[in-house]
There are 2 protein chains.
Amino acid sequence: MNPKRIVIIGGSAAGPKTAARVRRLDPEAYITIIERNQDITMASCGYPYYIGGLFDSRDALLETATGVVRNTGYFKNYKDIDVLINTEVTRINRREKNLELSNLITGENSTLPYDKLLIATGSKAKIPPIEGINLQGITPLKFISDADYLRKVRDKKEVKKAVIVGGGLIGLETAEALQLSGIEVSVVELSERLLPFLDREVAKLVEKHCRSKGVNILLESGIEYFMGQNNQLTGVKLNSGVELSCELAVIAIGVTPDSTLAKNAGLKIGETGGIRVNKFMGTSDRNIYAAGDCVEVINSVSGVWDYSPKGDMANLQGRVAADNMIFGDTIRFPGTIGTAIGKIFDFSAGTAGLSETAAEGAGFNVETVLNASTDKPTFMGAKTLISKLTVERSTRRILGYQCVGKGDVSRQIAQGALAIAGEMTLENMMSLDLPYAPPYSLAVDHFLASLHMMDNKLKGLFRGISSHEVYQMHLDRKKGVCFLDLREVDEVETHRLGIGELFIPLSTLRRRLRDVPPQKNTLIVCYCLMGPRSYEASLILRAEGYTNVRVMEGGMMAWPFPREK
Amino acid sequence: MNPKRIVIIGGSAAGPKTAARVRRLDPEAYITIIERNQDITMASCGYPYYIGGLFDSRDALLETATGVVRNTGYFKNYKDIDVLINTEVTRINRREKNLELSNLITGENSTLPYDKLLIATGSKAKIPPIEGINLQGITPLKFISDADYLRKVRDKKEVKKAVIVGGGLIGLETAEALQLSGIEVSVVELSERLLPFLDREVAKLVEKHCRSKGVNILLESGIEYFMGQNNQLTGVKLNSGVELSCELAVIAIGVTPDSTLAKNAGLKIGETGGIRVNKFMGTSDRNIYAAGDCVEVINSVSGVWDYSPKGDMANLQGRVAADNMIFGDTIRFPGTIGTAIGKIFDFSAGTAGLSETAAEGAGFNVETVLNASTDKPTFMGAKTLISKLTVERSTRRILGYQCVGKGDVSRQIAQGALAIAGEMTLENMMSLDLPYAPPYSLAVDHFLASLHMMDNKLKGLFRGISSHEVYQMHLDRKKGVCFLDLREVDEVETHRLGIGELFIPLSTLRRRLRDVPPQKNTLIVCYCLMGPRSYEASLILRAEGYTNVRVMEGGMMAWPFPREK
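Cut-offs used in this document
Residues numbered from 1 in each chain as written. Chains lettered and ligands numbered in written order. Predicted model: local features only at pLDDT ≥ 70, side-chain atom pairs only at ≥ 80, totals over all residues. Helix = DSSP H or I, 4+ residues; strand = E, 2+ residues; numbered from the N terminus. Rg over C-alpha atoms; globule rule 2.2 N^0.38 Å. Buried ≥ 20, exposed ≤ 12 C-beta atoms within 10 Å, placed from the backbone. Contact = placed C-beta atoms within 7 Å. Least-squares fit on C-alpha atoms with pLDDT ≥ 70 in both. Expected span 1.5 Å × (residues − 1). Pairing = 2+ DSSP bridges. Axes fitted to C-alpha atoms, helices over the stretch in contact; angles between N-to-C directions. Domains from an automatic or database assignment. Parallel < 35°, antiparallel > 145°, perpendicular 65-115°, else oblique. Left-handed = near helix turned anticlockwise from the far one by under 90°. Nonpolar A, V, L, I, M, F, W, Y, C, P; charged D, E, K, R; others polar. pLDDT = per-residue confidence, 0-100. Arc of directions from axis to C-beta. Right-handed = clockwise from strand over helix to strand, strands pointing away. Core = buried A, V, L, I, M, F, W, Y, C linked by C-beta atoms within 7 Å.

### As for the overall build of chain A
Next up, step 1: Regarding its fold elements, chain A presents 16 helices and 31 strands.
Next up, step 2: Expected size for 565 residues packed as a compact globule is a radius of gyration near 24 Å; at 27 Å, chain A falls within 12% of this value.
Next up, step 3: Among the 565 residues that make up chain A, the fraction classed as buried is 54%.
Next up, step 4: For chain A, restricting intrachain contacts to residue pairs at least 6 apart in sequence, the fraction spanning at least 24 positions comes to 65%.

### Some remarks on the relation of the copies chain B and chain A
The pair of chain copies shares a relation made of a rotation about an axis and a shift along it.
Next up, step 1: When chain B is fitted to chain A, the residual RMSD is 0.0 Å, and the transformation amounts to a turn of 180° plus an axial shift of 0.0 Å. On the angle and the small slide along the axis, the relation comes out as a two-fold axis. Considering only C-alpha atoms, the part of chain B nearest the rotation axis is Arg411 of chain B, at 2.3 Å.
Next up, step 2: A shared binding surface is used by both copies, with 100% of the interface residues of chain B retained as interface residues in chain A.

### Here's the deal with helix 10 (residues 409-421) of chain A
Residue and element names in this part refer to chain A.
Next up, step 1: For helix 10, spanning 13 residues, the distance from its first C-alpha to its last is 18 Å, which sits close to the expected 18 Å at 1.5 Å a residue.
Next up, step 2: Burial runs high along helix 10: 13 of the 13 residues are buried.
Next up, step 3: Two residues or fewer past helix 10, Glu423 is found with a positive phi of approximately 50°.

### What about the sheet that holds strand 9 (residues 138-140) of chain A?
Residues and elements named next belong to chain A.
Next up, step 1: Taken in spatial order, the 5 strands of this open sheet run 9-16-10-11-12, and their pairing is parallel. Of all strands in the sheet, those bounded by a partner on one side alone are strand 9 and strand 12 (216-218). Going from strand to strand, the sheet's axes swing by 20° on average, the running direction of each strand aside.
Next up, step 2: Pairing geometry for strand 10 (residues 161-165) and strand 11 (residues 184-188), over 5 bridges, is parallel. What sits directly across from Ile164, in strand 11, is Val187.
Next up, step 3: Against the sheet, helix 5 (residues 169-180) contacts strand 10, strand 11 and strand 16 (248-251), and its axis sits at roughly 165° relative to strand 11.

### Observations regarding the interface of chain B and chain A
Many structure descriptions define interface size as the accessible area lost when the parts assemble.
Next up, step 1: Taken together, the 76 residues of chain B in the interface contact 76 residues of chain A.
Next up, step 2: Contributing elements (two or more residues each) for the side of chain B that touches chain A: helix 3 (72-79), helix 8 (311-327), strand 22 (340-344), strand 23 (347-353), helix 10 (409-421), helix 15 (506-509) and helix 16 (532-543) of chain B.

### Thoughts on the domain arrangement of chain A
Next up, step 1: One can read the domain layout of chain A as domain 1 (5-44 + 54-123 + 256-327), domain 2 (138-253), domain 3 (340-458) and domain 4 (464-558).
Next up, step 2: Here the C-alpha centre of domain 4 of chain A lies 39 Å away from the C-alpha centre of domain 2 of chain A.

### Topic: the environment of Gly46 of chain A
Next up, step 1: With respect to the helices, strands and loops of the structure, Gly46 of chain A is situated in the loop between strand 2 (30-34) and helix 2 (47-51).
Next up, step 2: If we ignore the near neighbours within four places in the chain, the residues touching Gly46 of chain A are Leu61 of chain A together with Pro377, Phe379 and Pro438 of chain B.

### Here's the deal with the packing of helix 1 (residues 14-25) of chain B against helix 8 of chain B
Residue and element names in this part refer to chain B.
Next up, step 1: One can describe the packing of helix 1 onto helix 8 by two numbers: an axis separation of 8 Å at closest approach and a directional angle of 40°. Viewed along their axes, helix 1 and helix 8 adopt a mutual orientation that is oblique. Considering how the two elements wind past one another, helix 1 and helix 8 form a crossing that is right-handed. Touching Ala14, Lys17, Thr18, Arg21, Val22 and Leu25 of helix 1 are Ala314, Asn315, Gln317, Gly318, Arg319, Ala321, Ala322, Asp323, Met325 and Ile326, all from helix 8.
Next up, step 2: Of the residues in the contact of helix 1 with helix 8, the class split is 8 nonpolar, 4 polar and 4 charged.

### With respect to the sheet that holds strand 23 of chain B
Residues and elements named next belong to chain B.
Next up, step 1: Read from one edge to the other, the open sheet built from 5 strands follows the order 22-23-26-25-24, with strand pairing classed as antiparallel. Edge positions in the sheet fall to strand 22 and strand 24 (366-374), since each of these pairs with one other strand and no more. For this sheet the average axis-to-axis angle between neighbouring strands, irrespective of direction, equals 10°.
Next up, step 2: Of the strand pairs in this sheet, strand 25 (residues 384-392) and strand 26 (residues 398-405) are connected by 6 bridges, and their pairing is antiparallel. Paired with Ile386 across the bridge in strand 26 is Val404.
Next up, step 3: Relative to strand 24, helix 12 (residues 446-458) is tilted by about 135°, and along the sheet it contacts strand 24 and strand 25.

### Notes on the confidence of the model for chain A
Next up, step 1: Mean pLDDT over chain A: 96, with 100% of residues reaching 70 or higher.
Next up, step 2: Confidence metrics for the complex model read pTM 0.97 and ipTM 0.96.

### With respect to helix 4 (residues 144-156) of chain B
Residue and element names in this part refer to chain B.
Next up, step 1: Relative to the 18 Å expected for 13 residues at 1.5 Å per residue, helix 4 spans 18 Å between its end C-alpha atoms, a close match to the ideal helical length.
Next up, step 2: If you check which residues of helix 4 are buried, you get Ile144, Ala147, Leu150, Arg151 and Val153. The buried residues of helix 4 occupy an angular sector of 165° when projected down its axis, which confines them to one face. Opposite the buried face of helix 4, by more than 90 degrees, sit the exposed residues Ser145, Lys152 and Lys156.
Next up, step 3: Buried positions along helix 4 lie against helix 2 (47-51), strand 9 (138-140) and strand 16 (248-251).
Next up, step 4: Count one or two residues on from helix 4 and you reach Lys157, which has phi positive near 60°.

### As for the pairing of strand 31 (residues 549-552) of chain B
Residue and element names in this part refer to chain B.
Next up, step 1: Residue alternation in strand 31 divides its side chains into two sets, Val549 and Val551 and Arg550 and Met552, and both sets are buried.
Next up, step 2: As judged from the 2 bridges shared by strand 27 (residues 464-465) and strand 31, these two strands associate in the parallel manner. The residue of strand 31 that forms the bridge with Ile465 is Met552.
Next up, step 3: Bridge count for strand 30 (residues 523-527) against strand 31 is 3 bridges, and the pairing is parallel. Looking at strand 31, one finds that Ile524 is bridged to Val549.
Next up, step 4: Once you follow strand 30 into helix 16 and on to strand 31, the crossover reads as right-handed.

### Looking at the nonpolar core
Next up, step 1: Counting 360 residues, the largest nonpolar core has Ala249 and Ala290 of chain A together with Ala249 and Ala290 of chain B as the members making the most contacts within it.
Next up, step 2: Residues within four places of Ala290 of chain B in sequence aside, it is in contact with Leu118, Ile119, Ala120, Ala262, Ile275, Val277, Met281, Thr283 and Val295 of chain B.

### Some points on unusual backbone geometry
Next up, step 1: Despite not being glycine, Asn230 of chain A shows a phi value in the positive range, around 50°.
Next up, step 2: Phi at Glu220 of chain B is positive, roughly 45°, even though this residue is not glycine.
Next up, step 3: If you trace the backbone, Glu220 of chain B turns up in the loop between strand 12 (216-218) and strand 13 (223-229).

### Some words on the environment of Lys160 of chain B
Residue and element names in this part refer to chain B.
Next up, step 1: Mapped onto the elements of the fold, Lys160 is located in the loop between helix 4 and strand 10 (161-165).
Next up, step 2: The exposed category is assigned to Lys160, around which 12 C-beta atoms lie within 10 Å.
Next up, step 3: C-alpha of Lys160 to C-alpha of Cys528: the two residues are 368 residues apart in sequence and 42 Å apart in space.
Next up, step 4: Discounting chain neighbours no more than four positions away, the residues touching Lys160 are Ile183, Glu184 and Glu247.

### A short note on the packing of helix 10 of chain A against helix 10 of chain B
Next up, step 1: Orientation of helix 10 of chain A relative to helix 10 of chain B, taken along the N-to-C sense of each, is 15°, at an axis distance of 9 Å. In terms of axis orientation, helix 10 of chain A runs roughly parallel to helix 10 of chain B. With respect to the hand of their crossing, helix 10 of chain A and helix 10 of chain B are arranged in right-handed fashion. Taken together, the residues of helix 10 of chain B that come into contact with helix 10 of chain A (itself represented by Ser410, Arg411, Ala414, Gln415, Leu418 and Ala419 of chain A) are Ser410, Arg411, Ala414, Gln415, Leu418 and Ala419 of chain B.
Next up, step 2: A breakdown of the residues in the contact of helix 10 of chain A with helix 10 of chain B according to their chemical character gives 6 nonpolar, 4 polar and 2 charged.

What follows is the structure in structure tokens.
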């Protein structure tokens, strides 16, 4: 049998991973990667840190762990893989099983036959068709050339003000990077919150953190047009009428799958615009596979086709595709569960599984709980963690977990991801033997505490109310509500909400029950710093016959609104 | 119905947790905790950090997250729980359902009736019956009084040399604490390795790290006797004949369950010496439950009764016991999986599930793989992680995962723990959607890379050999083996093993095949810095017809032996 001809379109993440894996599985195969641009296997998730000056060597984005730049020579010498850079695939001839190529430097055209083809054409930055979009000073952050441009902005120190269009992870990472360069940054977001993968109350905490770092956040704001002089950006006009002057605008409103080539070849495209693949990463043509940002995948929690472009998924899909291209369809890709994480100034923010909104949208009957605590004991330098857990009521299965804060969010989200992917329930998990020592976690890890709180909630012991509801009651000057702050006197002197609250430290509550409004059906909203004391208070009051007692979830630590002090 | 009388023996971790949970479940119950000592709910896992001077306030070990010391007044005021300190339970009268108490200050005796009883008597430090054991200057690190003593040693700065007897986690944590105080520390360990929960090759890396920090490690060494003058410790004599002078010795050879009271009451005791409990944390008396360091539990991976005393498990068992004491037996404790973690100088070291040795002992047919890499991309300040994965061959189920290094071991072990507790297999896990961004992990997380390597091994693509075997071959001057270093020239100039190796950079291997010994059955041991290049080389050589090619697992990064440079 002749050696297999494996051709891969795309040299970013999924493509090179597939090529490298194919080489390991089949030492005889002819392997060719075709890439439109000059550079290959860029660590594109690292661009914000390069722009922000965390490191200065552009090559670091292209190097292996031992410092070898992954260029065409590297692929040839280390892996016996041919890489054609600056080369565009203009057409896939499925019947002839070949590709039409065009060299973007020489203009030369050629054809390349394949036995198995992988499409890994990636994604395109969404660019809104707004007046002024072509002015100098407006860029997405998609290609390494964009990172080069923004890094030059940093180094030149001429730009004073920048606007980031889009408040997703890349938008906020870029906001931080530019602010580190001394640029005054505004983030303009069309929806009512940052990081749309988070539920509102969690996203609000990220917003508060960004504002505390001096970033100007404008929500529910679209760009009406870009303003310019001499073809150079000078500002943006928002649909609210507000004008922001700026010399730089970064468009970060997301990406769409680059599936044109597949579509033109008659391959099946999904509703999200991504190439539709089966469990084996195969397209509707049995000799063509696809992986990475150009495909859509099943969200295995909701069961719905999803567009979830991420570097780690691209690598994992590439590995699966490689095995199946060489050995036939043997390995399955299980889909994604929507995991994401990002660093935003001193915060980390992450999610796994479905948000409450997404879970309800997918038809689940859910319960949620917000947990504010720390990652470690106070004496070990505790940092905050605030998380939201979503479970299905009937099965008590964990559907989603979000976490933000200065603490070790990464471990928290990893734990959530495994619990969700493993279809684990509260029963499996509540007594889980997790790694515990004071440098790493509390004796009852934050994630386990969330599960315990959920168990209490489903049993009716814990009755919650969100800070948003509480704040709205305060704004509405709602009558007959007792806001009860259970913290100690010294804590109250330092910080307080100022929403007309009653102060009774938990330590005195049993003796001071007469100070609580006597009507047993009064709505009493208990709160403290994080939650445990108000939970205890709610149980004391309920035992006294109060029928309408709620605990404000997350306490003051998760309160994102203005407070008296 | 009269309020329930809930009595709890033991005021450390499991006892107070159970008491607090009982109060939340039953506002009417009379709850009493009986504690032999003065202090209660000490964060005993924090002692080494107090001794080492990470923080100076002893109260920090006794405080809630909001800074309230958990003393008798706290329990009364916040939780309406009575705590009798300095009080010993001398007898449990099961028929009468009462306890005989003795006040250790006044000598007064009394009885206390119970409806439900929790035994949480904890553990006792093992003290070897060795000559000189009662000399001044010898202490375990078990009670807060021991921590007080060692903290005074630190503050006085009189002790110059200390010997730690026992190379487990507490021994090494204490070694670090004392060394931070400027004391010269030796660790004496009876077995052939530190941290017995780790397999040999992983433990060896911890040993190397401790030695690099200047700790004197003596393995396979027992104490013959303690030497003294004027009743004061002056040194230890080892069974090897070696004498170590020291003014301080810390006994850290483990703990045994304190189950005497339960035993005297005729309750069933397990083979490990711990109180035998059922899935509901109930003892052989239906009105008596037990939790924490005094019980033995099922290891749910091996199915064997195990003694696994840990603060987090004590809390989780206490929560289960409380529910069952109040509502009847409704909540199950699933057992442990042997998870542990500790900080050892700049290293973290952790485990979840079974070691290879333990898995084989439990009758599993296993495969293992050692993975050396980093936790993050190089440009984000990568730190090392070295891990060992153990799976059952037939089911491909994950049985054990160990990890050490300067990187984020905590997340790695948490991932392993969830995979093991969830009885997950390679198939479930290899494409897992974990949180990825450059500040937190590699695009293919270290844990996933271990799974991929295992998959390659089980498929026959990856054929490993341990550094121990390689080193032994070198020591034995074994003939006819080709040790092949695949690293680049500049790397070889900086570090090399010096075991008679052949240097052929992977980038030139395909062109230099004639430099490899021509006999196709030559044992060729490939290695590089971490592993990927030697793996690729092994596949190239096998494709050339070499039949006996191995990859040294973990590469130079996991090499714990002396090297040429």
